[in-house]
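Observations on the three-dimensional arrangement
Here is what each chain is made of, one letter per residue.
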Amino acid sequence: MANNQAGTISILLGDGKGGFAPAKSSPLAVSSPAAMVVTDLNRDGDPDLAVANPNTFTTIFGDGMGGFELPLVQIITPPAPAVNLSSATLDFGGVAVNSTSPAKTVTITNAGNGQLTFSAFTVSGEFALNSSATTCSNSVPLSPGQTCAVGVTFTPQADGTITGDLTISDNAPGSPQTVTLTGMGADFSITPKPPEQSMPGTGQSA
């Protein structure tokens, strides 16, 4: 019998009359037993106990004499997603000022064993999310082993080096993940060269 609040398990043996005899031994200490089943776990013909606890699983083997050995506690790691990024940086190179670059993408892989859910994708600087190149979605979880992509474009407003970040928020450890964005704004405009002024020759008046 599992005693959740007391953190123990009481062993009551059958009395042969459809009931149970009083417990003959002290309760076994088991942290927060939530559920318990009696089964032959090691197939030795003796009944054993399997106890479910929060984040743990306890096995108690029968000793063949109506009693049980010391509990064995096993830690249960709940399924959890893990994010693997195809790249930690995106470099857009040189792009003409006030022009938009082709989209570059980061591929996200769920390398864990639980569902990966996204809550937000944000960019900073003179960069923008590109919906056409993006397959990741806040509304569609990513199963273990699956991949999706986030597309980003670059529209420089001035010449020079420009940086920003793509931030990915999700339910995986280490969230949010960040991808560094870099690009170079290039001013390709041509400044007209002023006309050359000729100097008056010998014998010519100015």
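Structure shown above.
Okay, the sheet that holds strand β11 (residues 118-123) next. Taken together, the four strands give an open sheet; going across it, the order is β9-β15-β14-β11, and neighbouring strands pair in mixed fashion. At either end of the open sheet lies a strand with only one pairing partner, and these are β9 (89-96) and β11. With strand direction ignored, the average angle separating the axes of adjacent strands in the sheet is 15°. With nine bridges joining them, strand β14 (residues 160-170) and strand β15 (residues 177-186) adopt antiparallel strand pairing. Looking at the pairing, Leu-166 lines up with Val-179 of β15.

This part takes up the sheet that holds strand β13 (residues 147-154). Two strands in a sheet stick together by hydrogen bonds in their backbones, pointing the same way (parallel) or opposite ways (antiparallel). The four strands lie next to each other as β8-β10-β13-β12, forming an open sheet whose pairing is antiparallel. The sheet is open, and its two edges are formed by β8 (83-85) and β12 (127-130), each paired on a single side. Averaged over all pairs of adjacent strands, the angle between strand axes in this sheet comes to 30°, irrespective of strand direction. Inspection of the sheet shows strand β10 (residues 104-110) paired to β13 by six bridges, in the antiparallel sense. In the strand pairing of β13, Lys-104 is matched with Val-152.

Calculation notes
- Residues numbered from 1 in each chain as written.
- Predicted model: local features only at pLDDT ≥ 70, side-chain atom pairs only at ≥ 80, totals over all residues.
- Heavy atoms only, no water.
- Pairing = 2+ DSSP bridges.
- Helix = DSSP H or I, 4+ residues; strand = E, 2+ residues; numbered from the N terminus.
- Axes fitted to C-alpha atoms, helices over the stretch in contact; angles between N-to-C directions.

Read these as spatial facts, not as claims about activity.
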